[in-house]
Amino acid sequence: RDLWAASAAKGGMEMTLEFEYDEHVAVVMAAFRERTRTPHASMPLVHRVDVLREHDGSFRGWSTRKRRFFTHNDAPEWVRRISGGDYLVGIERIEWNDAEGRMRMYTVNESHAEKIVAEELCVIKRHPRDAGRTVKTLTVRARLCIRGWWTLGLSTLAERFLLGRYELLVQQGKK
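Residues numbered from 1 in each chain as written. Predicted model: local features only at pLDDT ≥ 70, side-chain atom pairs only at ≥ 80, totals over all residues. Heavy atoms only, no water.

## Structural notes on the overall build of the protein
Then comes step 1: In terms of helices and strands, the protein carries four helices and seven strands.
Then comes step 2: Moving toward the C terminus, one meets the helices and strands of the protein in the order α-β-α-β-β-α-β-β-β-β-α.
Then comes step 3: Excluding contacts between residues fewer than 6 apart, the proportion of contacts in the protein whose partners are at least 24 apart in sequence is 56%.
Then comes step 4: Of the roughly 9,800 Å² of accessible surface on the protein, 55% is carried by carbon and sulfur atoms. (Helix = DSSP H or I, 4+ residues; strand = E, 2+ residues; numbered from the N terminus. Contact = heavy atoms within 4.5 Å. Areas by Shrake-Rupley, 256 points an atom, 1.4 Å probe, with all protein chains shown as cover.)

## Description of the environment of Trp-78
Then comes step 1: Inspection of the secondary structure puts Trp-78 in helix α3 (residues 77-83).
Then comes step 2: When its relative accessible area of 35% is taken as the criterion, Trp-78 is described as partly exposed.
Then comes step 3: Residues Trp-78 and Ala-158, spaced 80 residues apart in sequence, show a C-alpha to C-alpha distance of 9.3 Å. (Buried < 20%, exposed > 50% of the residue type's maximum accessible area, 1.4 Å probe, protein only.)

## Quick word on the confidence of the model for the protein
The predicted coordinates of low-pLDDT regions are not to be read in fine detail.
Then comes step 1: Here the protein shows a mean pLDDT of 84. Residues at 70 or above account for 86%.
Then comes step 2: Predicted confidence in the protein is weakest over helix α4 (residues 154-174), with a mean pLDDT of 69, and strongest over helix α2 (residues 25-35), with 94. (pLDDT = per-residue confidence, 0-100.)

## Section: the nonpolar core
Then comes step 1: Grouped together as the largest cluster of nonpolar side chains are 13 residues, with contacts concentrated most on Met-29, Phe-32, Ile-94, Met-103, Met-105, Cys-122 and Ile-124.
Then comes step 2: Counting residues per element, the ones that place at least two in this core are β1 (13-21), α2, β4 (87-97), β5 (102-109) and β6 (116-126).
Then comes step 3: Ranked by the residues each element gives to this core, the list is headed by α2, at four residues.
Then comes step 4: Non-local contacts of Ile-94, meaning those with residues more than four positions away in its chain, are made with Phe-32, Thr-36, Ser-63, Thr-64, Arg-65, Met-103, Arg-104 and Met-105.
Then comes step 5: With five residues, the next largest nonpolar core counts Met-15, Val-140, Ala-142 and Leu-163 among its residues. (Core = buried A, V, L, I, M, F, W, Y, C linked by side-chain atoms within 4.5 Å.)

## Quick look at the packing of aromatic side chains
Then comes step 1: Applying the stated criterion across every chain, the model contains one aromatic pair.
Then comes step 2: On the numbers, 5.6 Å between centres and 70° between planes, the contact of Phe-19 with Tyr-21 is edge-to-face. Tyr-21 carries the same exposure label as Phe-19, and that label is buried.
Then comes step 3: Lying across the ring of Phe-70, Arg-48 places its NZ or CZ 4.0 Å from the centre.
Then comes step 4: One cation-aromatic arrangement involves Arg-104 over Trp-62; the distance from NZ or CZ to the ring centre is 4.2 Å. (Phe/Tyr/Trp six-rings, centres within 6.5 Å; stacked < 30°, edge-to-face > 60°. Lys NZ or Arg CZ within 6 Å of the ring centre and 35° of its normal.)

## Things to note about unusual backbone geometry
Comment: phi is negative for the bulk of residues other than glycine, and the bulk of peptide bonds are trans.
Then comes step 1: Even without being glycine, His-112 reaches a positive phi, approximately 60°.
Then comes step 2: Summarising the element assignment, His-112 is placed in the loop between β5 and β6.

## Examining the pairing of β5
Then comes step 1: In terms of residue burial, β5 counts as a mostly covered element, since six of its eight residues are buried.
Then comes step 2: Both β4 and β5 contribute to a ladder of eight bridges, which runs antiparallel. The partner of Arg-93 across the bridge, within β5, is Tyr-106.
Then comes step 3: In this structure, the hairpin formed by β4 and β5 is closed by a connection of four residues, where Gly-101 is found at a positive phi of approximately 65°.
Then comes step 4: In the sheet, β5 pairs with β6 via seven bridges, with the strands oriented antiparallel. Bridging across to β6, Met-105 finds its partner in Cys-122. (Pairing = 2+ DSSP bridges.)

Right under this line is the structure:
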């Protein structure tokens, strides 16, 4: 939360998506843990995952996993030039508590972070009105670090593009 608040103070565009699963939260959390351990068909751009650290229930029932992932940058050429290349590396911290039926993930790019920052905060939790269902909330922030009047709106255009691309990837990953 502190990382997210510090990032928000630096600006950029933000978008939140929320959707529901008809499955119990334990099933959704287990599926997410499984698909983030290695490259998975639901995330076709990811070609490598390194689990850096994992602890089970080590702090008041909260388990954690920290992973680094390597992905292809499928953005248009003009965005790849701004963002620094054809490949991207990101870091993700995942925390979950099976007893509480809650999972949190914070993801940020490591590669080209001096030029562009893309962050995601994801929360998976038990549906508030139906214990047999699950709610997933995704908030993403995109920030072009090259800012100023002289960019002639390029930063806004790039941030909008990144948020739109993110939404498409989320829709693909839901399937």
